[in-house]
Amino acid sequence: PSLAAPLLSHPGGTVPAAYPVTLTHTNVAGTIWYTLDGTDPRRRGGAISPTALTYAGPIVVTGPALVRARVKDGATWSAQTAAMTWY
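Residues numbered from 1 in each chain as written. Predicted model: local features only at pLDDT ≥ 70, side-chain atom pairs only at ≥ 80, totals over all residues. Heavy atoms only, no water.

### Re the pairing of strand E5 (residues 31-35)
Then step 1. Taking burial as the measure, the five residues of E5 include four buried ones, the bulk of the element.
Then step 2. Pairing analysis gives five bridges linking E5 to strand E8 (residues 65-73), with the strands arranged antiparallel. Looking at the pairing, Thr31 lines up with Lys72 of E8.
Then step 3. One ladder, built from two bridges, connects E5 with strand E6 (residues 53-54); its direction is antiparallel. Bridge assignment links Trp33 to a residue of E6, and that residue is Thr54. (Buried < 20%, exposed > 50% of the residue type's maximum accessible area, 1.4 Å probe, protein only. Helix = DSSP H or I, 4+ residues; strand = E, 2+ residues; numbered from the N terminus. Pairing = 2+ DSSP bridges.)

### Some words on the confidence of the model for the protein chain
Then step 1. In this model, the protein chain carries an average pLDDT of 92, and 99% of its residues clear a pLDDT of 70 or more.
Then step 2. Per-element confidence in the protein chain ranges from a low mean pLDDT of 83 for strand E2 (residues 13-14) to a high of 98 for E6. (pLDDT = per-residue confidence, 0-100.)

### Some details on the environment of Thr22
Then step 1. Mapped onto the secondary structure, Thr22 falls in the loop between strand E3 (19-21) and strand E4 (23-24).
Then step 2. Sequence separation between Thr22 and His10 is 12 residues, and the spatial gap between their C-alpha atoms is 7.9 Å.
Then step 3. Excluding residues that lie within four positions of it along the chain, Thr22 makes contacts with Leu7, Leu8, Ser9, Tyr55 and Pro58. (Contact = heavy atoms within 4.5 Å.)

Quick look at the structure:
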């Protein structure tokens with residue numbers, strides 16, 4: 001893909017209760033879309049998944065979560081980043 005995947009502040013594994021996971025990207029433009037239920041934020045065909053959320057700040061982990069994230073700029077999606085976190 002022409003867009004770099006988002007970077008997670010924690011690669012996965014055990015985190016303290018209420019740990020804030022942050023996402024960043026190094027692309028010139030684009031929006032980070034993420035899910036916490038393990039589904040891909042990008043649907044087949046390129047649409048945004050109905051369970052995807054726009055990243056606007058730290059995600060507080062309050063239980064087991066499989067974070068999956070991509071950057072979307074126009075019709076272009078980045079590769080996916082994923083990490084399982086729990087406390």
